[in-house]
Amino acid sequence: MLSTCTGRRASSLLLSLAALLCCLTVLSVRPAAASPARDTLERSVTAILDCIKDPAYADTATRPAQREKIAGLVRQIFDFQEFAIRTAGPRWKTFTPDQQKRFTDAFADLLLTTYISKVDGYNGEQVAYTGEVANKEQTRVEERTIVTLGDGKKVPVAYRMMLKNGAWRCYDVLIENVSLVKNYRTQFQDILSNGAPDELIARVQAKAKEAAANAK
Amino acid sequence: MPSKRKVVPGAASAALRRMLPCAVLLLLIVATGVQAKPTYTRLSPEPARQQPSSLYDAESPALPAGAVSVTPSDTEFSDSLDDYDEAPTVTIADPLEPWNRFWFAFNDVFYLYVADPVYSFYETITPHQFRRGMSNLYKHAMFPTRFVNNILQFRFKEAGVEFGRFIINTFVGFGVVDVAKHKKTLVPVDPSGEDFGQTLGRWGLGHGCYLVLPFLGPSSIRDGVGRIGDCFTDPMFYVYPWELATASELWLRFNTLDTLLPTYKSLKDAAVDPYIATREAYAAYRKQQVIR
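Residues numbered from 1 in each chain as written. Chains lettered and ligands numbered in written order. Predicted model: local features only at pLDDT ≥ 70, side-chain atom pairs only at ≥ 80, totals over all residues.

**Some details on the overall build of chain B**
Scanning chain B from terminus to terminus reveals 10 helices and 4 strands. Listing each helix as α and each strand as β along chain B from the N terminus yields α-β-β-α-α-α-α-α-β-β-α-α-α-α. In chain B, buried positions account for 20% of the 292 residues. (Helix = DSSP H or I, 4+ residues; strand = E, 2+ residues; numbered from the N terminus. Buried ≥ 20, exposed ≤ 12 C-beta atoms within 10 Å, placed from the backbone.)

Here's what the structure looks like:
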C-alpha cells in the first residue's frame, strides 16, 4: 500500500512537473518583456489617454487644470530641446545661448499647443504597439505604433526616442512616415537662409501665439 | 487488507520507469523548442527593409475605446536612426516655387473661405449617413483605378482583394455601404489604394518637380500625369452626357472634403511656413504610398 501510494505520488509529481515545464515553455516562447523605451512611452501614452478620458476633462471648469496636467506629461516624454536642436539644424551652433533658449521655448509652446488641440478632438482612438527598431548601441529606438481612428482608419505613428540622463525621451515623431522634425527643419532652413535667427524666433513665437488663440 | 488492488512490490519504481521516458522526451521537446526560438540580433547595416504591405498586426477591432493593446515583437536593429546632423536633403525639387506659392495662396483662400463654409452648410442640410453613403459610393466607383493600378504594379493579391470587396459591396451594399471593409481577407494584405502616379513611381519615375494645381492642391509633374492617366480608369469618364459626368464627379469629390479640410487646417495651424510644410509632407507621404 505504502509503495502504491509512493508510486502514485511519484507519477503525479512527475505529471505536475511535466505540466509545469509545459507552462514554462509556453511562457519562455512568448517574447521577452517590453523594452524600457517602450515601457516609458506606453506609460506616458496611457497616462495622457487617462487624463483625456477623465470626466474632469469634459467639464469646462476643470479643463485648464487637466490641460496643465497633460502638458506636464507631454514635457516628461518629449524632449523639446532635442526637437529644437534638430529642427534648427547646423545653424543651431551659431545661435547665442539666449537665442537657443528663446527658440526652444517658442518651439515647445508651438508643439504643445498643436498637440493639445489635437488631443481635444479625441474620439476613441486606439493605440497598438507594433514593433521597434534600435541602433547598434541601443541608445536610439524607434517605437512603431498604429493609431486606429474613430472611423476605423489606421495611421502609422512612430516615436524616435533616445536615452538621455538615464531616461528615454522622444526626439521625433513620424506620422504616416512624415518626420515632424524634418518637416520643420526644411521650413526653418528656408527662413534661416534669408534671415537672422531672431527673425525665425519671432516667427515661431507669432505662430505659437496664433495657435494658442485658435485653440481657445 | 480489503484492497481491490494488489500490492505489487516495486510498483512505484515501475511507474517511475514508465514515466521516465515521457519526462525525458518532454524535456527534450522543451529544450529543442527553446533552442529553435529565433534570435533577432541583426547588427549589420540596415538591409533594404520594405514596409509591410498590410497593417494586420494591429488588427484589434474588438478593443474598447482608448484601449492600449500590446503586440509584442522582437527588436530589429538599424543604423538609420540618425541625429539629423547632416544638411537637409531636399525631398522634392521646386524650381516653380513662385508659381506654386501663388496657387498655394489661391487654394488656401479657396479652401478656407469658399469650400469650408459651403461644406459646413452642406453638413447642416444632409444627414451624416447620407454623406458616408456617398463617400462609399465614390470609393466604390473608383474601383477600376485601384484594380488596374494594382495589376500594373504586379500586386495581384491586392488586386484580388479589391475585386472581392467590389463584388461584395456591389451585391450586398449596393455600393453605398462598405460591408467588406472590416472583413478578414483570404490573403494577408490590406490594399491601401493605388493610383497611376504611384504606379509610375513604382516603375521608377521620380516626381520631376513639385506642382501646385489650382483647386486640387499639391501634386508633381509625375502625379499630374498620373491624374490624367486615372481619368481613363474613372467610370465617370465614359458617362454620357459629359455635363452629367462632370457634375457627379465634382459633387462626389466635394462630398469627401470632410477628411481633407481638417487635415489641411491642422497642417496649416502647426506650420510656420505652411507652403513648405505642405510640400514636404506631400513628398514624404507619396514616397510612403509608393513603397507600401
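Still more to cover.
**Some thoughts on the overall build of chain A**
Scanning chain A from terminus to terminus reveals 8 helices and 5 strands. Reading chain A from its N end, one meets helices and strands in the order α-α-α-α-α-α-β-β-β-β-β-α-α. Expressed as a percentage of contacts within chain A between residues at least 6 apart in sequence, the contacts between residues at least 24 apart total 52%. (Contact = placed C-beta atoms within 7 Å.)

**A look at helix α4 (residues 143-152) of chain B**
Residues and elements named next belong to chain B. Listed in full, the buried residues belonging to α4 are Thr145, Arg146, Phe147, Val148, Asn149 and Asn150. Buried residues along α4 sit against α5 (156-171), α6 (196-202) and α7 (221-231). Once α4 ends, the next one or two residues include Phe154, with phi positive near 60°.

**Looking at the packing of α4(B) against α5(B)**
Residue and element names in this part refer to chain B. In contact at an axis separation of 8 Å, α4 and α5 are set at 160° when each is read in the N-to-C sense. Considered as vectors, α4 and α5 are oriented roughly antiparallel to each other. Judged by the sense of rotation from one axis to the other, the crossing of α4 with α5 is left-handed. For the pair α4 and α5, contact is made by Phe143, Arg146, Phe147, Asn150 and Ile151 and by Glu158, Ala159, Glu162, Phe163 and Phe166, respectively. (Axes fitted to C-alpha atoms, helices over the stretch in contact; angles between N-to-C directions. Parallel < 35°, antiparallel > 145°, perpendicular 65-115°, else oblique. Left-handed = near helix turned anticlockwise from the far one by under 90°.)

**Description of the environment of Gly217(B)**
Residue and element names in this part refer to chain B. Within the secondary structure, Gly217 is located in strand β4 (residues 217-220). Put simply, Gly217 and Asn169 are 48 residues apart on the chain and 30 Å apart in space, counted from C-alpha to C-alpha. Gly217 has contacts with Asn107 and Val212, leaving out every residue within four places of it along the chain.

**Regarding the confidence of the model for chain A**
Atom-level detail of predicted coordinates should not be read off regions where pLDDT is low. All names here are of chain A. Mean pLDDT for chain A: 81, with 84% of residues reaching 70 or above. Element-level pLDDT for chain A is lowest in helix α1 (residues 2-29), with a mean of 53, against a maximum mean of 90 in strand β4 (residues 167-175). Below a pLDDT of 50 lies the segment residues 1-5, which in the model reaches 10 contacts outside its immediate sequence neighbourhood of four places, other chains included. (pLDDT = per-residue confidence, 0-100.)

**Topic: the pairing of β4(A)**
Residues and elements named next belong to chain A. Taken together, the 8 bridges between strand β3 (residues 154-164) and β4 define a ladder with antiparallel strand orientation. Within β4, the residue paired with Lys164 across the bridge is Ala167. Where β3 folds back on β4, the antiparallel hairpin that results is connected by 2 residues, among which Asn165 adopts a positive phi of roughly 50°. Sheet topology places β4 next to strand β5 (residues 178-179); 2 bridges connect them, and they run antiparallel. (Pairing = 2+ DSSP bridges.)

**A word on the nonpolar core**
All names here are of chain A. Counting residues in each nonpolar core, the largest one holds 36 residues, and the members touching the most others are Phe83, Phe103, Phe107, Met161 and Val204. Where this core is concerned, the elements lending two or more residues are α2 (36-53), α5 (80-88), α6 (97-120), β3, β4, α7 (180-194) and α8 (197-215). With 7 residues, the single largest contributor to this core is α6. The contacts of Phe107, once residues within four sequence positions are left out, are Phe80, Phe83, Ala84, Thr87 and Val204. (Core = buried A, V, L, I, M, F, W, Y, C linked by C-beta atoms within 7 Å.)

**Brief notes about unusual backbone geometry**
Following Tyr240(B), the chain continues to Pro241(B) via a peptide bond in cis, the omega torsion being 0°. Summarising the element assignment, Pro241(B) is placed in the loop between α7 and α8 (242-255). The phi dihedral of Glu176(A) is positive, around 50°, even though this residue is not glycine. A positive phi angle, near 50°, is found at Phe174(B), a position not held by glycine.

**Some thoughts on the confidence of the model for chain B**
Residues and elements named next belong to chain B. In this model, chain B carries an average pLDDT of 77, and 69% of its residues clear a pLDDT of 70 or more. The low-confidence segment residues 1-8, where pLDDT is below 50, has 6 contacts with residues more than four positions distant or belonging to other chains. Across residues 27-73, confidence stays below pLDDT 50; counting only partners more than four residues off in sequence or on other chains, it has 66 contacts.

**Quick word on the pairing of strand β1 (residues 126-134) of chain A**
Residues and elements named next belong to chain A. Burial analysis of β1 places 7 of its 9 residues in the buried class, the great majority of the element. Inspection of the sheet shows β1 paired to strand β2 (residues 140-148) by 8 bridges, in the antiparallel sense. Within β2, the residue paired with Val133 across the bridge is Glu142. The turn joining β1 and β2, which pair antiparallel and follow one another in sequence, is formed by 5 residues; a positive phi near 60° is taken by Gln138.

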